[in-house]
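What follows is each chain in one-letter form.
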Amino acid sequence: MTIGVERWLASAVADVRARGLEGAVPVLEAFARGMTTLRAADWNTNAEHAASAGADDGGRSPGSPEAGKPAADTPTNAARELPPPVPSDDLHTLDIALASERLRHGTLSSLALTESCLQQIDRLNPQLNAFITITRDEALGAARTADAEIARGEWRGPLHGIPISLKDLIDQQGVVTTAGSRVPERTAAAQDAPVTAVLRRAGAVLIGKTNLHEFAFGTTSDESAFGPVRNPVDPDRSPGGSSGGSAVAVATGMSLASIGTDTGGSIRIPAAACGLV
């Protein structure tokens, strides 16, 4: 694993264990493995480009140190430094580990990150139909609270200030849970589901409820009373299901993470179909 992912995982595991949530550890470890795989793919691509550029000029770029000799002003701990800031229009492209580091160190605000995700929802959801409900006002309020807490040194852990969506099978107090169907009575949930309550305590920003195969009883997310979810790579194809909206939300930066449910592949299938794993 990369240093950033290792630090995030260590912090996250310590946090959930302190809360007595040992069962969440495998989920965090799976997140970390996925992020490591994606980063490795990006690194290999960049390395190939660098090797090609080096071959064009005899293996050295102008002004670069000779092969095998590090530049005198190259910091030995460069790998531990945060990458350059991401433009505000691209904040939604940050992975959860890097976003968490930046939030903790005050180089990124939860409000800016949440606004970037909401802009992605406004831009893409009309086509991809990943969200049934967008909790915009609640999300912006939670982001402002997270920023104030972090500024006071009240760091809650690696999910503090991170925009996260919930599959619309999971209760969020004050928000209707549809299960992708128009059959259930449309009344707002009286209380949070346990996982929602844990996310709130961790300081996460709940940004909305994602679309799904009706009653989570299918693997395509095509059958929803609120219309089919579309694959972000090819809208004419299925995103998988039943947690299709959650996978699309993460794949497109509409949220940095999403809580789905899985009995027979309902997270794994859409994660694969949308290119997340």
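This structure is a prediction, so every number in the text was calculated from the model and none was measured. (Residues numbered from 1 in each chain as written. Predicted model: local features only at pLDDT ≥ 70, side-chain atom pairs only at ≥ 80, totals over all residues. Heavy atoms only, no water.)

(A) Focus on the sheet that holds strand S4 (residues 257-259). Spatially, the 4 strands line up as an open sheet ordered S1-S3-S2-S4, and their pairing is mixed. A strand with exactly one partner marks an edge of an open sheet, and here the two such strands are strand S1 (131-134) and S4. Averaged over all pairs of adjacent strands, the angle between their axes in this sheet comes to 30 degrees, without regard to strand direction. Two strands pair when backbone bridges link them, and S1 and strand S3 (residues 205-210) are joined in this way by 3 bridges, in the antiparallel orientation. Within S3, the position partnered with isoleucine 134 by the bridge is glycine 208. Of the strands in this sheet, S1, strand S2 (163-167) and S3 are in contact with helix H4 (residues 110-128), which crosses S3 at around 15 degrees. (Pairing = 2+ DSSP bridges. Helix = DSSP H or I, 4+ residues; strand = E, 2+ residues; numbered from the N terminus. Axes fitted to C-alpha atoms, helices over the stretch in contact; angles between N-to-C directions. Contact = heavy atoms within 4.5 Å.)

(B) Just the side chain of glutamine 172, in detail. By the element assignment, glutamine 172 lies in the loop between S2 and helix H6 (194-201). The class for glutamine 172 is buried, based on a relative accessible area of 0%. Aside from chain neighbours lying at most four places away, what touches glutamine 172 is Thr135, Glu138, Leu166, Thr177, Ala189, Gln191, Asp192, Thr196, Arg200, Leu206 and Lys209. (Buried < 20%, exposed > 50% of the residue type's maximum accessible area, 1.4 Å probe, protein only.)

(C) Representation of the pattern of salt bridges in the model. Considering all chains together, one arrives at 8 salt bridges under this definition. Between glutamate 138 and arginine 200 there is a salt bridge; the shortest N-O distance is 2.8 Å. Residue glutamate 138 is located in helix H5 (residues 136-151), and its partner arginine 200 is located in helix H6; the two are separated by 62 residues in the primary sequence. Given a relative accessible area of 29%, glutamate 138 falls into the partly exposed group. (Salt bridge = Lys/Arg side-chain N within 4 Å of Asp/Glu carboxyl O.)

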